Amino acid sequence: MADYRQIELLARALLRRPSDNAVLLCRNVAKAYHYLPGGHVEFDEAAACALARECIEEMALTLTVGPLLAVAEVR
């Protein structure tokens, strides 16, 4: 049986500036890569709620979460 405590579920935001279509990215300086802002979804939490919470925690930004755009599974 699978140990589901090992699974990480993340919710990410695609935030763009309409004037020039610039997209907000976070940067991991130590490992030299970029990623969309967001974070972990807690057990029994809706992904949209997790994304709104993470944006408040990380960027002090209150936003309305829109529809799901994409799903990816990475092992």
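Residues numbered from 1 in each chain as written. Predicted model: local features only at pLDDT ≥ 70, side-chain atom pairs only at ≥ 80, totals over all residues. Heavy atoms only, no water.

Examining the side chain of E54
- Tracing the backbone through its elements, the reader meets E54 in helix α1 (residues 47–59).
- Of the residues examined, E54 reaches a relative accessible area of 9% and is grouped as buried.
- Once residues lying within four places of it in the same chain are set aside, the contact partners of E54 are G38, G39, H40 and M59. (Helix = DSSP H or I, 4+ residues; strand = E, 2+ residues; numbered from the N terminus. Buried < 20%, exposed > 50% of the residue type's maximum accessible area, 1.4 Å probe, protein only. Contact = heavy atoms within 4.5 Å.)

Comments concerning the packing of aromatic side chains
- Here the structure, examined in full by the defined rule, presents one aromatic pair.
- Taken together, a centroid distance of 5.9 Å and an interplanar angle of 50° make the contact between Y33 and Y35 tilted.
- Accessibility expressed as a relative area gives 38% for Y33, which makes it partly exposed.
- A residue is classified by how much of its surface remains accessible, and Y35, at 31% relative accessible area, is partly exposed. (Phe/Tyr/Trp six-rings, centres within 6.5 Å; stacked < 30°, edge-to-face > 60°.)

Function cannot be inferred from these measures alone, as they are strictly geometric.
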